[in-house]
Each structure stands twice: as structure tokens, then as C-alpha cells.
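Architecture at a glance
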Amino acid sequence: MFLTGAAVTRVEEFLQALHDRYQSLRDGQLASYIPELAKANPDWLGISVVTLDGRSFEVGDIAQKFTIQSISKVFVYGMALEDHGREALLKKVGVEPTGDPFNSLIRLDMDSKRPDNPMINAGAIATTSLLKGQNPTERLNRMLAMFERYIGHEVFIDVPVFMSERATGHRNRAMAHLMFNFGMVTGDVDEALDLYFQQCSLLVTGHDLAVMAATLANGGINPVTGERALDEHYVQDVISVMLTCGMYDYSGEWTYRVGMPAKSGVGGGITAVVPGKLGIGTFSPPLDAKGNSYRGIRVCESLARDFGLHLFNVAKADRDLEEWLTGSGADSW
Ligand code: GLU
């Protein structure tokens, strides 16, 4: 695909208009149950789109670092699939949406004792506890190396956020111990929790989230570096779970309205995959009542509607994405 300078301007102009429309919204609250997160600037808004040929279109605070939080669950789930395979992992963590809040532990004490899916905290902690490695350092290094393949550069953990989560994560500790009791978490529970708190405290930018989504959209190969981040056989498993469970207890309505496999985190990020086309990353810290970025949801909804990016959209979109990317689309919008 040939790119002209005008094309960059055109898509970025569109994103800038979205940014300007939503930046002034004052709804939503900063996450405060992890004390460090309450220090974020509520005005931040970044939007990044990365195409499968590795181009970026972005506006706003896309270079601002923040913690990945629950978005990490997607990528750690992919790693656990590579470590154990689909069937073995399904015995420990299901793939059923719950409609429950992310930190719910109510269903753990029923039936199989297996957490319902890897996007709620219980399922994510069980998944993290399964990562292979001789010792905690090796497990952490393997995990960081995995994130680096998706992101394309060295990654770091925000130590104050990690310490804050570790000190206040009593509910997560309770879940982990309950699951240990049922044999769904094995090994050292506190080590597994530390690794989980570390994965949540990974520093990323809105741009990084778009590259990570584009990597999944591209069948597991980072479109910027060309490096494989995830075995191609597991890409569909990961993307499917994002679609059904990725947006907390808003996942059903998100799929209905936006129709992109996505994951959000309480740090204010959203990573959204348009399979075979592109990745989207948004960052804005104020959250709605379900824990999703208030502005991020609206930005993704507009992109889905205007460019027909909803997975099940069969009608012609108002704007043709390919034409916009090549700069040949109509001018009015
Ligand atoms: N580290 C957070 C927790 O476990 C992740 C929450 C989230 O982003 O949903 O509470």
C-alpha cells in the first residue's frame, strides 16, 4: 500500500477531531482502590491506530506511560496456551463470560472450582500461576520477554504501583488462596500473586497498546518489528476470549455496540483488535462504573461506526478505511 504524506494527515485529522470531541468530557472517575492510580491526570487522552504494514496514526497523549493492568491478562493467557496447550489450560481456566465484576470471587466455590475465564482476576491469577520457569526470576524474565515481543522495545515495571497493589490486594490474595485450596493454583501462592501484580504494573503507552493489538490482528507477528510474539495456533483462542470477556461486565454491550475483540484495564487503557486490518490503542484514565475508560469506549465506538470496523458489520460504512489510509477517500465527514 503506497502512503502519501496527505494520507497521514487525513487519518490523523480524523483522530484529532475525535480527540477534541471527547477530551472535554468530564465523566468517569480515576481508579482509587490501587492508591497509586489515583495520581493520574484525568485530562489525558491518547488515540493510536497501527496498521498491519506497521504504520502508526496517532494523536494526543500517546507517549504517556501508564500501567497496563488487566490488559496484561490477554497476553499472559497466550503465553500459558503456549506453555500448556489448549486442553490442559481449559482444565484450569474456562472461557465462559460471567457478567460479574472483574474481582468477583462468588462463582469460585461452585461446580468445577475452575475460574470462569482468564479475563477476570481469579482466572488471570490462576493463569499466571501456570507460567513455566525454574524460579520466580525466570518466570518474570520470560513474561517480560513475551511483552517485549508484542511491544517491540524493552519494558519496565512501575515499582510504586507494584508495591501499592501488593500492599492492598487482599481480595486478590483471598481468591488465590481459595483457588489453591481447590488445586486450581499450584506452587507458591505468594509468588504467583507477586508475578500477577508485576504483570499488572507493566508500563505501556497508548502507542504500545495499538502495536500489541496489531500484532494479534496480524496473526501473532508484530507488524513493526516482524517478530513473532504468539504461536499462530493460539491467536484465535486469545482473540475469542477478548471478544467474549475482555471489557469486564460490559463485554456483551461492547460487542453489540463496538464489535471489536478488546481488553481494558483500570489504568485507563484499551487495546482493540480489528482482525486482519489493524490495532487500536486508547488511553484516558477516568473510568466508568464498570472499570472501562469512559473516553476510550466512546473513541472506539466512533471508529467502529464511522469506518464499519464492527466485526459483524455487513453494511457499507460511511467511510472506507482503505481509501482513508491511502488518501483517496471522499473529503466530507
Ligand atoms: N491489578 C488489578 C487488580 O487485580 C487489575 C485490575 C484491572 O485492570 O481490572 O485488581
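Residues numbered from 1 in each chain as written. Predicted model: local features only at pLDDT ≥ 70, side-chain atom pairs only at ≥ 80, totals over all residues. Heavy atoms only, no water.

**Re the packing of helix α7 (residues 170–182) against helix α8 (residues 189–200)**
Using the following cut-off: Every axis in this analysis is a line fitted to C-alpha atoms, fitted for helices over the stretch in contact. Angles between the N-to-C directions lie between 0 and 180 degrees. The helix and strand labels rest on DSSP assignments: H or I over at least four residues marks a helix, E over at least two residues marks a strand, and numbering proceeds from the N terminus. Here the word oblique covers every angle except those under 35 degrees (roughly parallel), over 145 (roughly antiparallel) and from 65 to 115 (roughly perpendicular). Two helices cross in a left-handed way if the nearer one is turned anticlockwise from the farther one by less than a right angle. They cross in a right-handed way if the turn is clockwise. Any two residues whose heavy atoms approach within 4.5 Å are treated as being in contact.
Viewed as axis vectors pointing N to C, α7 and α8 meet at an angle of 135°, and their least axial separation amounts to 10 Å. Accordingly, the angle class assigned to the pair α7 and α8 is oblique. α8 is crossed by α7, and the crossing has right-handed handedness. In this structure, α7 contributes Asn-172, Arg-173, Ala-176, His-177 and Phe-180 to the contact, and α8 contributes Val-189, Asp-190, Leu-193, Tyr-196 and Phe-197.

**Some words on helix α5 (residues 136–151)**
Defined as follows: A helix is expected to reach a length of 1.5 Å times the quantity of its residues less one. The buried label goes to any residue with under 20% of its type's maximum accessible area, the exposed label to any with over 50%, and the partly exposed label to all in between, with areas taken from a 1.4 Å probe on protein chains only. The directions from the helix axis to the C-beta atoms are what the arc is built from.
Taking 1.5 Å as the rise per residue, α5 with 16 residues should run 22 Å; its terminal C-alpha atoms sit 22 Å apart, in good agreement. Among the residues making up α5, those that are buried are Arg-139, Leu-140, Met-143, Leu-144, Met-146, Phe-147, Tyr-150 and Ile-151. For α5, the angular spread of buried residues about the axis comes to 155°, placing them on one side. Each element contacted by the buried residues of α5 is listed here: α2 (72–84), α8, β4 (203–204) and α9 (206–217). Directly after α5, the chain includes Gly-152, whose backbone phi takes a positive value near 90°.

**A few points about the side chain of Ser-129**
Heads up, the condition is: A 3.5 Å cut-off defines polar contacts: any pair of N or O atoms within that distance qualifies, except that in protein one atom must be a possible hydrogen donor and the other a possible acceptor, and neighbouring residues in sequence count only when both atoms are side-chain atoms.
Along the chain, Ser-129 turns up in helix α4 (residues 121–129). Its relative accessible area of 13% is what places Ser-129 among the buried residues. Within polar-contact distance, the side chain of Ser-129 engages the backbone oxygen of Ala-126 at 2.8 Å. The residues touching Ser-129, leaving out its near neighbours within four places in the chain, are Met-184, Val-185, Thr-186 and Ala-192.

**A short note on the pairing of strand β6 (residues 269–274)**
Sheet faces and side chains relate simply in a regular strand, where the side chains alternate between the two faces. Operational definition: Any two strands with at least two DSSP-identified bridges between them are counted as paired.
Burial analysis of β6 places six of its six residues in the buried class, the great majority of the element. Side-chain alternation along β6 places Gly-269, Thr-271 and Val-273 on one buried face and Ile-270, Ala-272 and Val-274 on a second face that is also buried. Pairing of strand β5 (residues 262–264) with β6 involves three bridges; the strand directions are antiparallel. Looking across to β6, one finds that Lys-263 is bridged to Thr-271. Taken together, β5 and the strand that follows it, β6, pair antiparallel across an intervening segment of four residues, in which Gly-268 is found at a positive phi of about 105°. Examined bridge by bridge, β6 and strand β7 (residues 278–283) share six bridges and lie antiparallel to one another. In the sheet register, Val-273 faces β7, and the bridge partner there is Gly-279. Between β6 and β7, which pair antiparallel in sequence order, lie three residues; one of them, Gly-276, sits at a positive phi of approximately 75°.

**Focus: the environment of Glu-191**
With respect to the helices and strands, the residue Glu-191 is situated in helix α8. Taking the relative accessible area as the measure of exposure, Glu-191 reaches 34% and is therefore partly exposed. In this structure Glu-191 touches Pro-136 and Arg-139, once residues within four positions along its chain are discounted. Engagement of the side chain of Glu-191 in a polar contact is seen with the side chain of Arg-139, the distance being 3.2 Å.

**Details of the pairing of β7**
Burial analysis of β7 places six of its six residues in the buried class, which makes it a mostly covered element. Along β7, one buried face is formed by Leu-278, Ile-280 and Thr-282 and the opposite face, lined by Gly-279, Gly-281 and Phe-283, is buried too.

**Side note on the site of the ligand**
Test applied: Here a residue is near a molecule or strand as soon as one of its heavy atoms is found within 4 Å of it. Computed with a 1.4 Å probe, the accessible areas rest on the Shrake-Rupley method; for each residue, only the protein chains presented here act as cover. Gly falls in the polar group here, along with every residue not listed as nonpolar (Ala, Val, Leu, Ile, Met, Phe, Trp, Tyr, Cys, Pro) or charged (Asp, Glu, Lys, Arg).
Contacts to the ligand come from Tyr-33, Gln-69, Ser-70, Phe-102, Asn-121, Glu-165, Asn-172, Tyr-196, Cys-200, Tyr-248, Gly-265 and Val-266. Within the side chain of Gln-69, one N or O atom sits 2.8 Å away from a nitrogen atom of the ligand. Between the ligand and the protein, one listed contact pairs an oxygen atom with a side-chain N or O atom of Asn-121 at 3.1 Å. About the coverage of the ligand: the protein hides 99% of its 300 Å² of free accessible area. Taken together, the residues of the shell around the ligand break down into six nonpolar, five polar and one charged.

**Section: unusual backbone geometry**
A positive phi is found at Gln-69, a non-glycine position, where the angle reads about 50°. Within the secondary structure, Gln-69 sits in the loop between β3 (66–67) and α2. Taking the relative accessible area as the measure of exposure, Gln-69 reaches 2% and is therefore buried. Unusually for a residue other than glycine, Tyr-248 sits at a positive phi of about 55°. One can find Tyr-248 in the loop between α10 (232–245) and α11 (251–257).

**Some thoughts on the nonpolar core**
Side chains of nonpolar character tend, in soluble globular proteins, to be buried together. The line we're drawing: For this analysis, a nonpolar core means a set of buried residues of the types Ala, Val, Leu, Ile, Met, Phe, Trp, Tyr and Cys, connected via side-chain atoms within 4.5 Å.
Judged by nonpolar contacts, the single largest core of 41 residues is most densely connected at Phe-75, Met-143, Phe-147 and Leu-216. Going through the elements one at a time, α2, α5, α9 and α10 are the ones with two or more residues in this core. Ignoring anything within four residues of it in the chain, the contact list for Phe-147 reads Ile-68, Ser-72, Phe-75, Val-76, Val-155, Leu-202 and Met-212. With 31 residues, the next largest nonpolar core counts Leu-15, Phe-307, Trp-324 and Leu-325 among its residues.

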